[in-house]
Amino acid sequence: MNVYAFTALINAVASFIAGFFVYFRARKTPINRSFMFFSLSVAIWSLNYFFWQIAKDENSALFWSKALMAGAIFIPVSYFHFIVNLLNIVKEKKKSLIIGYVLCFIFLFLDFTPFFIKGVAPRLSFAYWPEPGLAFHPFLLMFFLYAIYSWYLMFKSYRKTIGMKREQIKYVLIGTFIGFLGGSTNYLLWYNIPVSPFGNGLVALYVLLVAYAIARYRLMDIKLFLGRGMIYFISLAIVIGLAFLSIFLNNSLSTPVPINIMISLAIGIGIILFQPIFRFFEKLASKYFYYAFYSYQKVLTDLGRKLTKFLDLDKLSSLIANTLIETMKLNRTVILLREPDSGNYIIQRNIGFREENGISLVRDNFLTIWLEKTQKPLVSEEISLVIRDLEKGEIKIGLENLKENMKRIEAGLCLPLLLENKIIGMIVLGNKLSGEPYSQQDIELLTTLSNQASIALQNAQSYSKIKNFNVRLEKEVNKATKELKEAYEELQKLDKAKSEFVSIASHQLRTPLTAIKGYISMMLEKDYGNPPKAMESPLKNIYTSNERLIKLVNDLLNVSRIEAGRIEIKKESFSLETMINSIIEELKGLSDKKNIYLKFEKSKKSIPNVSADKDKMRQAIINIIDNAIHYTVKGGITIQIQKQGNKLKIIITDTGEGMTKNELSYLFESFSRGKAGNKLWTEGAGLGLYVSRRFIELNRGKVWAESAGKNKGSTFYIELPIK
């Protein structure tokens, strides 16, 4: 085996292993898939290169040279595909990708014709070197165009990027540049340039440098996959060893079990034992080496389910902190929540950090501004990379101070809790107990977890505020209720005192007023002789005023009795028609004096009796009709009685001043009067309609009024049950 065959085999194995591990680390990730395709193209080219180098005749050499070109054709475009995924510019370069793959399949078809490789011939120390056909020249042009364009895109992105991403790009650029240049030395002999492909051994260098970027800078992180793969390998080796041991021991027996049965038993026992052995080594690695094995999706699913169970802020923050500690095998963590009003941070949950250290990172506003700007976790070991790429200024100074502070308190990572791109808090994580750096899977998990945690913590924070507000509100309500109760009791005392005063005053006034009425009446009836002519008119005025006072005192007395609950209802059956006729006779003089009509329109149908307190209903109806007379200047008042089902309705319609909606709303309240009363009837106290309403309600009836507006009259309705 010559040196070129040996280096080709190394390139093939290295490329295949790199592509395999990266792909199976995250099969659905575009960058991992594209890297696997690129590595597979290099592996196919290198493996066929190996067979070409050890070919013994012209035909086999020609076949393997065509086969190696099948891999080489896809190297530049698959490399370009990997680079645009690395730089996150797939959409912008979609047309270039499509054109490249179309050209690749055209060249692949031509590869098996003389147009691509027309034969093999001796070159320098090589017995069978390929000779290019017409189609080989445009392929070589495409090869270098896509390679150079990919390097240009990486170099351009490298200049604009800082931190971890910059390092990833740097090592991929260096590794693939050297690998391409090394592999390109093969094409010199194609054009009779007498230079051996000395750079062929450099192709594997891209694998080494990409592997370094994976290990050091989390490029397509496969470290966790390798760790789990090692446990699988150890577990499988033990199971196979046990199987061979059992077969060996079986053969040592005087009467061994038949080999076919023994093999079946060994396979069955191996299948049963594999999972327990694997779990044992996984727990061993986790316990003694602090190696974190977890299922990304399982952690998120379990945590998401648990987050919905809690609204208590303390329980929720404890759940999140403990999940992080257990899943990633950390030595410490602290959850900081930001107060919306002041922007200050408070420690919500702390495990392992000193309280002063836990809050020191956010004492100034630099970390908050940085995380709000980047919208991603900040890893302590990556700050140096960002600082290195920055020019002197406030940001660089701030990052340097932050780096020293994180190192002093042994903080490994700052995870922002974002809601609508605004920081509502952050989680500061310590270092892993294993001493391992945070992997790409860790960062992806933490980023997704922070989204779930942010919403859950915000909801819990809101719930806590509402809960605290409810407690304060309950205290305030209890305090206000107590004060209101005391005020109500005091008001009841005052109201009772008022009612007693009105009742006593009314009783005391009735006696002298009755006496005055008696004496004036006797004087007007000339029981004491003929008074002088000049005295007759004043005596009549005194009598009228005294009557008004008696009515007012009676109303006040009724009001005090109603409010004190001392009104007694004595029901009896009587005719409303007879009562209305009697009331009209009593009030006829008052309406005639104002030159307005007062009439009762009797129903053609028979009107049944009602069962109510006759005296109180009479007083109630008199008050309403009397009120209508006082507020009517021209026209008059019409009274009707209608039977509606098991009720009788008294309708009193006047052509008076009418009322607004506002006046109607408080018409039947005590001491209330319409605006028209101030100019049409100044003597009223506003008690008559209130007394009427209460008397009617005490008799299980109801009263209301309607009016179309000012100067459009009013209609009063009294509704009473028949029985």
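Provided above is the structure to which this section pertains.
This one's a predicted model, so the numbers in the text were calculated from it and none came from an experiment.

**Topic: the packing of helix α3 (residues 58-86) against helix α4 (residues 94-111)**
Helix-helix packing: each pair is described by the crossing angle between the helix axes and the interaxial distance.
Next up, step 1: α4 packs onto α3 with a crossing angle of 175° between their chain directions and a minimal axis gap of 9 Å. Taken together, the axis directions place α3 and α4 in an arrangement best described as roughly antiparallel. Residue-level inspection shows Lys66, Met69, Ala70, Ile73, Phe74, Val77, Ser78, Phe80, His81 and Val84 of α3 in contact with α4, the latter providing Ser96, Leu97, Gly100, Tyr101, Cys104, Phe105, Phe107, Leu108 and Asp111.
Next up, step 2: Considered class by class, the residues forming the contact of α3 with α4 number 13 nonpolar, four polar and two charged.

**Remarks on the pairing of strand β4 (residues 345-351)**
Next up, step 1: Summarising the sheet, strand β3 (residues 333-338) and β4 pair through six bridges and their orientation is antiparallel. By the bridge assignment, Ile335 is partnered in β4 with Arg349.

**A few points about the nonpolar core**
Next up, step 1: Judged by nonpolar contacts, the single largest core of 59 residues is most densely connected at Met69, Phe116, Phe139, Met154 and Tyr187.
Next up, step 2: Among the elements of the structure, α1 (3-25), α2 (30-53), α3, α4, β2 (126-132), α5 (136-160) and α6 (164-184) are those that each provide at least two residues to this core.
Next up, step 3: Looking at this core, the element that brings in the most residues is α3, giving 14 residues.
Next up, step 4: Setting aside residues no more than four positions away along its own chain, Met69 makes contact with Asp111, Phe116, Ile117, Phe136, Phe139, Tyr187 and Trp190.

**Observations concerning empty space enclosed by the protein**
Next up, step 1: In total, this model carries four cavities of 30 Å³ or more according to the counting rule given.
Next up, step 2: In this structure, the largest cavity encloses a volume near 230 Å³.
Next up, step 3: Listed by contribution, the elements that provide at least two residues to the lining of the largest cavity are α2, α3, β2 and α6.
Next up, step 4: Class assignment of the residues belonging to the lining of the largest cavity gives a composition of 17 nonpolar, five polar and no charged.

Here is what the cut-offs are and how they apply
Residues numbered from 1 in each chain as written. Predicted model: local features only at pLDDT ≥ 70, side-chain atom pairs only at ≥ 80, totals over all residues. Heavy atoms only, no water. Axes fitted to C-alpha atoms, helices over the stretch in contact; angles between N-to-C directions. Helix = DSSP H or I, 4+ residues; strand = E, 2+ residues; numbered from the N terminus. Parallel < 35°, antiparallel > 145°, perpendicular 65-115°, else oblique. Contact = heavy atoms within 4.5 Å. Nonpolar A, V, L, I, M, F, W, Y, C, P; charged D, E, K, R; others polar. Pairing = 2+ DSSP bridges. Core = buried A, V, L, I, M, F, W, Y, C linked by side-chain atoms within 4.5 Å. Buried < 20%, exposed > 50% of the residue type's maximum accessible area, 1.4 Å probe, protein only. 1 Å grid on protein atoms, 1.4 Å probe; cavity = no way out; pocket = protein on both sides within 12 Å on 5 of 7 lines; lining within 4 Å. Points joined across faces, edges and corners; volume = space filled by probe spheres on them.

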